[in-house]
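# Results of the structural survey
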Amino acid sequence: MTTPVLAPPSAVTTKGASKRRSPRDRRSTLLTVLLWILAAYFLVPLVWLLIASTKNNADLFSSFGLWFGARFSLIDNLRDVFSASGGVYARWLLNTVVYAVVSSLGASLLSTMAGYALAKYEFPGRSAVFSIILGSIMIPLTALAIPTYLMFSSFGLTNNMLAVIIPSLVSRSGST
Amino acid sequence: MELNRRHLLGLGAGALAASALTACSTTASPPTAASSASVISEDERTKALNTPTELTFWTWVPNIDTKEVAAFMKAYPNIKVKVENVGQGAAHYQKLRTALKAGEGGPDVAQMEFQYIPSYVVTKSLIDLTPYGAASLQPLFVDWCWKQVVMANGIYAIPQDSGPLGNVYRKDILDSAGITTPPVTWDDYYTAAKAVRTKTKSYISDFASGQGGMLVALLWQAGAKPFTWDGGEKVGINLSSPEATKVMQYWQKLIQEDLVSTDADFNDAWYQGLANGKYAGWITAAWGPVFLQGTAAKTTGLWRASKAPQWSSTADASGNWGGSTSALIKGTKNPIAAYELAKYINSNAATALQFANDQFFFPVTKSTIADPKWSTQTSEFFGGQKVNELFGGIADTVDPNFQWVPFMEYVYSSAQDTMTPAITNKGDLVVAMKAWETALKTYATQQGFTLV
Amino acid sequence: MSALVARRTSHPLRRKQIATAYLLLAPFIVVFLAMLIVPLVFSGYLSTFRTTLIGGTTFTGLANYARAFTDPEFLSGLGRMGLFLIIQVPLMLGLSLFIALALDSGRVRGSSAVRLMTFVPYAVPGVVSTMMWGYLYGNDFGLIGQILRALHLPAPNLLSSQNILGSMMNIVTWQYVGYNMIIMFAALRTIPVELFEAAEIDGASQLRIAWSIKIPAIRNAIMLTVIFSIIGTFQLFNEPSLLRPLNPAAISSSYTPNFYAYNLAFINQDINYAAAIAFVLGLFIALISYVVQLSTRSREGDGR
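Rules used throughout
- Residues numbered from 1 in each chain as written.
- Chains lettered and ligands numbered in written order.
- Predicted model: local features only at pLDDT ≥ 70, side-chain atom pairs only at ≥ 80, totals over all residues.
- Heavy atoms only, no water.
- Contact = heavy atoms within 4.5 Å.
- Buried area = accessible area lost by both parts, 1.4 Å probe.
- Salt bridge = Lys/Arg side-chain N within 4 Å of Asp/Glu carboxyl O.
- Polar contact = N/O pair within 3.5 Å; in protein donor to acceptor, adjacent residues only side chain to side chain.
- Helix = DSSP H or I, 4+ residues; strand = E, 2+ residues; numbered from the N terminus.
- Nonpolar A, V, L, I, M, F, W, Y, C, P; charged D, E, K, R; others polar.
- Core = buried A, V, L, I, M, F, W, Y, C linked by side-chain atoms within 4.5 Å.
- Buried < 20%, exposed > 50% of the residue type's maximum accessible area, 1.4 Å probe, protein only.
- Pairing = 2+ DSSP bridges.
- pLDDT = per-residue confidence, 0-100.

### Looking at the interface of chain A and chain C
A common measure of how large an interface is: the accessible area buried when the components associate. Contacts between the two partners involve 78 residues from chain A, matched on the other side by 98 residues from chain C. Contact between chain A and chain C buries roughly 8,200 Å² in total, counting both sides, with carbon and sulfur atoms accounting for 72%. Where chain A touches chain C, the interface holds zero salt bridges. Counting across the interface, chain A meets chain C through ten residue pairs in polar contact (both at pLDDT 80 or more). The set of elements that each furnish at least two residues to the side of chain A that touches chain C consists of helix 1 (29–52), helix 2 (57–62), helix 4 (88–120), helix 5 (126–137), helix 6 (141–154) and helix 7 (162–168) of chain A. If one sorts the elements of the side of chain A that touches chain C by residue count, helix 1 of chain A sits on top with 14 residues. Residue composition of the side of chain A that touches chain C, grouped by class: 53 nonpolar, 15 polar and ten charged.

Here's what the structure looks like:
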């Protein structure tokens, strides 16, 4: 069958993918230990980050990373963040929420429609479209940044949320 | 592009990070030779100042909006100024370049360090200030700074602050190493470095590996003239002169004998090094102490400032590292109002003094330098020393005939590719400097300049 | 899916189907064209020119491309990423596969918790995690150094020129194992249980089941992660850009091709050459991906 190699996993539908049996009694201690060590690898840096956010500058560089410093400065640090440059961080957070919501809804809508068409219909130009979309992922964003900026500025849209939202509707995020 | 931190860097002085000293680029003609464009009339000026206008001002100087710009808006209530910090140093210039390329989205006025002015004049990105009456400002400013903003038949910026080079050091650490007077010559400095290294756990200073600005300042002090530009198509690049070689050989010796560290500067680890005494001193500009007062606050009172070490016992020369101006950016729709903003904050006696006293800038206006309110200020951080007076004296010894090439962004980036590895790996700095010179010459030729 | 034959296109139902397909595709294609194709074409156009400070802009055809292919900085950046690719990607994907299989086997206690914790790094913005690791790596004050010194072990300089590439590999691995693992795990969950129940009854060990049944069954998912990882590797940008201030000697302005293109555009003001570099990079990525796909295909014969 000619399912393209890069079709998303869910396209590999098989009949009778019945629900998994419940976990057996034969737990492997070795696997559990290994996996929990790996989980620690993923988590410890974030624990460090959390603890670091409660330290002031001096403590950050003099105390042990995984324990608290002499002073508990979390409130001070948070206050600094939200009062910097006239409180612009709160604005940025709000912007991010807007971007995230609008872009994810918009991108999901556009991609689902397009994906459905590509997966379920046969039409002239189908494989061409598919290859072009796939190929476009491979061009680094650096090639697009300046032309996109120049395009948006010719429409006067550079200081505008749309300049972030519109490109993200067709973003290829998911790769690095 | 460096991603910069926040407040620590916001502590003051304008041009830092990747900045070096600015060179005046003048042609053979005296600085007052500006374009022969006629000056706008008083009526035009009054009209512009009374028309409701909104200006955008890109600068990374902290608190400028509540201080100097607020004073301007109070004086001219019809003009609203939006101050934006779009990044410090390299990040600021990148945004400026991008906005200029797009033809819109840029500011009316922008902070511009001395050394970058030629780079923006060559791309015709700055507006000549002569038609707005800038020539009349010349007597207000220190001569060598004024020279730095005049080139290519125009006046392109109004000076704001400068960075004469000096030596700030931890008196307590040097005392414990037996050095009771600050080093006068570079030979003295070498001896002191050895004493500090053997008798204490500190280095006498950090020779920052990625700091093109400091490198150029040291060359400036030694009398080298690495760059020239005639305002047109001719550039000169000379990093292998006897003076430049002398400077590099000196520092190579200190690095290879482990008498100075080579950590990258202006990052968190480096600030900590200053705070906890890893570095017992810093060869820096007048704005340097501002940074110390932030992170190294717990060492208040232990620091002193002195002249930078000299190349001979009779010499008295300094260089300059950094310093900013305010420039008008091409594309501004309100040039007269923008000019008045730049003029007011930098030349008005009250705001100029504010820059110096409140934001610890090194003044470039003759009035501030002569003002006892500034010069006699003592500094608690420096144990009561009259630091301003000292740096004021140093400023007089800065060689006024220093120039820049009109592509300094590339110069600093190239320094990081050639000089930085050599410094970090304790290699041959003279060879590295030659490689830097070659890279710059290649770039200049590629860009269509004629090498002289 | 059967391929519809051309002679059937005139059938009215067929025409309606094609129209529906185009309609569904249209919004995406419109934005795609505007946001990706148009800038790409413009970028290609830019790459055929040369702008100098003195002399302005001149048409130079393919000169920028010739320059790219002989540019030692660009080529060494490519080589460095090639090294990154053959070391980091198998390591990361191997780890992801191992975790996915282990969690799928049901033999791990607290497997949903582990799954979550493995995925959390992906939720952290790339810039934040790179900066965080920059702190952890710090020579004088970093956590790793602190722990090693406390255990009286030698603490290498993880940001030095020799170690920085490995340090970057670690950051990317930490960030993306969870993401790749979830893709593989989801694929594993769709395998019908009957397939390996039979094998279990026959006495096959879990390892054998994993090797012979599960892995081949999720070949497509694995291929997806491989391609995305290849693309991501050659587009590496955050790590060199954010770690550079910590040790500028270790990371040059052309450390990775993507970083090089960025510096060319924004520091050297050379957007024409930057555009050419970006294109050559893109072509190179496409080439490598194609080769990888081909080689795995031909080994296993035709797909299902």
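### Some details on the nonpolar core
Ranked by size, the top nonpolar core spans 147 residues in total, and within it Ile117(B), Trp251(B), Trp282(B) and Trp436(B) carry the most contacts. Leave out the neighbours within four places in its chain, and Trp436(B) touches Leu215(B), Val216(B), Leu239(B), Val411(B), Ser414(B), Ala415(B), Thr418(B) and Met419(B). Formed by 124 residues, the second largest nonpolar core is a distinct cluster that contains Ile133(A), Leu103(C), Ile164(C) and Ile213(C).

### Overview of the pairing of strand 10 (residues 281–285) of chain B
Within a regular strand, side chains alternate between the sheet's two faces. Residue and element names in this part refer to chain B. Counting buried positions over the five residues of strand 10 gives five, a clear majority of the element. Burial of strand 10 is two-sided: the residues Gly281, Ile283 and Ala285 facing one way and the residues Trp282 and Thr284 facing the other way are all buried. For strand 7 (residues 165–170) and strand 10, the ladder comprises five bridges, and the chain directions are antiparallel. Within strand 10, the position partnered with Tyr169 by the bridge is Gly281.

### Describing the sheet that holds strand 6 (residues 158–159) of chain B
All names here are of chain B. Read from one edge to the other, the open sheet built from five strands follows the order 2-1-3-12-6, with strand pairing classed as mixed. Looking at the sheet topology across the chains shown, the edges are occupied by strand 2 (79–84) and strand 6. Where strand 3 (residues 109–113) meets strand 12 (residues 324–328), five bridges bridge the pair, whose relative direction is antiparallel. Bridge assignment links Ala110 to a residue of strand 12, and that residue is Ala327.

### Looking at the environment of Pro39(C)
Take Pro39(C): it is sitting in helix 1 (residues 12–46). On the basis of relative accessible area, Pro39(C) is assigned to the buried category, the value being 0%.

### Some remarks on the pattern of salt bridges
Applying the stated criterion across every chain, the model contains 24 salt bridges over all chains. Across the pair Arg79(A) and Asp76(A) runs a salt bridge, and its minimum N-O distance is 3.2 Å. In this pair, Arg79(A) and Asp76(A) are both assigned in helix 3 (residues 74–83), three residues apart and thus about one turn of the helix distant. Given the relative accessible area of 52%, Arg79(A) is considered exposed. A salt bridge links Asp175(B) to Lys171(B); the nearest nitrogen and oxygen atoms lie 3.3 Å apart. Residue Asp175(B) and its partner Lys171(B) are located together in helix 6 (residues 171–176), separated by four residues, close to a single helical turn. For Asp175(B), a relative accessible area of 33% puts it in the partly exposed group. Several salt bridges share partner residues, and in doing so they unite Glu42(B), Arg45(B), Glu340(B) and Lys343(B) into one network.

### Section: the confidence of the model for chain C
All names here are of chain C. Per-residue confidence for chain C averages 87 on the pLDDT scale, and 94% of its residues sit at or above 70. Summarising per-element confidence for chain C, the mean pLDDT is lowest in helix 8 (residues 193–201) (81) and highest in helix 7 (residues 164–189) (95). For this predicted complex, the interface confidence score (ipTM) comes to 0.83, while the overall pTM stands at 0.83.

### Focus on the interface of chain C and chain B
Between chain C and chain B, the contact holds 28 residues from the first and 37 residues from the second. It is Leu53(C), Ile54(C) and Ile267(C) that lose the most area in chain C upon contact with chain B, and together they represent 24% of the buried surface on that side. For the interface between chain C and chain B, the tally reads two salt bridges. Where Arg244(C) meets Asp417(B), a salt bridge forms, and the shortest distance between an N and an O atom there is 3.3 Å. Between the two partners, chain C and chain B, sit eleven residue pairs in polar contact (both at pLDDT 80 or more). Looking at the side of chain C that touches chain B, the elements that each hand over two or more residues are strand 1 (49–52), helix 5 (126–137), helix 11 (238–243) and helix 12 (257–266) of chain C. A breakdown of the residues in the side of chain C that touches chain B according to their chemical character gives 14 nonpolar, nine polar and five charged.

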